[in-house]
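Breakdown of the fold
Residues per chain, in single letters:
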Amino acid sequence: MDNIGARITQLRADLPAEVRLVAISKYHPASCIREAHAAGQRIFGESRVQELVEKEAALHGADIEWHFIGHLQTNKVKQIAPFISLIHAVDSLRLLEEIDRQGARCGRTLRCLLQLHVAQEENKFGLTTDEARELLAQGRWKELRNVQLCGIMCMASNTDDTARIRADFREARRFFEEAKRNHFPTDENFRERSYGMSGDWRIALDEGSTMVRIGSAIFGPREY
Ligand SMILES: *Cc1c(COP(=O)(O)O)cnc(C)c1O
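Quick caveat: nothing in here was measured; it's all calculated off a predicted structure.

Below, the discussion takes up the overall build of the protein chain. Helices and strands together make up the secondary structure of the protein chain, namely nine helices and eight strands. In terms of overall dimensions, the protein chain is globule-like: its C-alpha atoms have a radius of gyration of 17 Å, near the 17 Å expected for 224 residues. Viewed in the frame of its principal axes, the protein chain has a C-alpha envelope of about 50 × 45 × 35 Å. Within the protein chain, buried positions represent 51% of all 224 residues. Expressed as a percentage of contacts within the protein chain between residues at least 6 apart in sequence, the contacts between residues at least 24 apart total 61%. When the accessible area of the protein chain is evaluated, it comes to approximately 10800 Å², of which 44% is carbon and sulfur surface. Side chains of the protein chain give 32 positive and 33 negative charges; the mean places of these two sets differ by 3 Å.

And the structure:
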């Protein structure tokens, strides 16, 4: 625990200045977030709505940018809409529409990333590149005034095979470039590529990540 600040400082030194570090604090108490905050960390990511809402309340008023990185159920968007800075894992138009509705309710434009399913595992959430392509081509998202699409996120296959991990990130990168060209050529907001976790962030940087989501390498192992 004493090492949280040191790990943050080391990571910052290792990351290029333009890459954002999202400290994934899920399952760790607010005291750990305070420690990271004292070391200068400002962006924190959580994957469960209940836990995020409790921590936001505990740390209310602190200069923190909260990101939601988990699978988001439509009936829970309302709870995070008032304060969330970025929703990483949008995987359906229906969810995007609900985010728009809740953004409108609190007078905010909610920034979102499309979650791509590029990993080999069956059980991961996210849109295949074909589904994501279809969602963008269909065009309904353009009518959503309280949603801003800012890019894509993904998780690589859970494997030691670094070539596989690299290929997954590369697929996400290629999709991002295609989407940028076809739908956001002049939209500066569409620029984020959220990939890279504790075990694979160096590969993610090679493959063009703009935002890494690092949990255990900062806070230590999680107890489930
Ligand atoms: C937990 C989690 C992370 C962080 O994982 P670590 O391996 O602990 O760095 C990143 N992204 C998502 C979507 C997660 O659920």
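There's plenty left to go through after this.
Before going further, it helps to spend a moment on the site of the ligand. Near the ligand, the surroundings consist of Ile24, Lys26, Ile69, Met155, Met197, Ser198, Arg213, Ile214, Gly215, Ser216 and Arg222. In this structure, Ser198 approaches the ligand through a side-chain N or O atom, which is 2.5 Å from an oxygen atom. Considering the ligand on its own, with 390 Å² of exposed area, one finds that the protein chains cover 88% of that surface. Here the ligand is seated within the largest pocket.

Of the volumes computed, that of the largest pocket is approximately 550 Å³. Its residues assigned to classes, the lining of the largest pocket comprises nine nonpolar, eight polar and five charged. Taken as a whole, the second largest pocket spans an internal volume of roughly 260 Å³. If you go around the second largest pocket, the residues you meet are Lys124, Met155, Ala156, Ser157, Asn158, Thr159, Ile165, Met197, Ser198, Gly199 and Asp200. A breakdown of the residues in the lining of the second largest pocket according to their chemical character gives four nonpolar, five polar and two charged.

Conventions adopted
- In this numbering scheme, every chain counts its residues from 1 along its sequence in written order.
- With pLDDT at 70 or above as the cut-off, local features in this predicted model cover only qualifying residues; side-chain atom pairs require 80 or more to be listed or tallied, and sums for whole chains, interfaces and linings still use all residues.
- Remark: hydrogens and water are excluded; side-chain values derive from all non-hydrogen atoms of the structure.
- Each helix corresponds to a stretch of at least 4 residues labelled H or I by DSSP, and each strand to a stretch of at least 2 residues labelled E; elements are numbered beginning at the N terminus.
- We compute the radius of gyration from the C-alpha atoms alone; for a globule the expected value is 2.2 Å times N to the 0.38, where N is the number of residues.
- Relative accessible area decides the class of each residue, using a 1.4 Å probe on protein chains only: under 20% of the type maximum gives buried, over 50% gives exposed, and in between gives partly exposed.
- Any two residues whose heavy atoms approach within 4.5 Å are treated as being in contact.
- To be clear on the numbers: accessible area is Shrake-Rupley with a 1.4 Å probe, and residue cover counts the displayed protein chains and nothing else.
- Neither His nor the chain ends is counted toward charge; the positive residues are Lys and Arg and the negative residues Asp and Glu.
- Working definition for charges: the position is that of NZ of Lys, CZ of Arg, CG of Asp or CD of Glu.
- Note on definitions. A residue lies near a molecule or strand when any single heavy atom of the residue is within 4 Å of it.
- Here a polar contact means two N or O atoms within 3.5 Å. Within protein one must be a hydrogen donor candidate and the other an acceptor candidate, and residues neighboring in sequence count only if both atoms are side-chain atoms.
- A cavity here means a set of points on a 1 Å grid, drawn over the protein atoms and nothing else, where a 1.4 Å probe fits but cannot get out; a pocket is an open set with protein on both sides within 12 Å along at least five of seven lines, and a residue lines either one if it has an atom within 4 Å of a point.
- What decides whether a molecule sits in a cavity or pocket is whether more than half of its atoms lie within 2 Å of the grid points.
- Grid points are joined across faces, edges and corners, and a volume is the space filled by probe spheres set on the points.
- Residue polarity is assigned by list, with Asp, Glu, Lys and Arg as charged and Ala, Val, Leu, Ile, Met, Phe, Trp, Tyr, Cys and Pro as nonpolar; anything else, Gly included, falls into the polar class.

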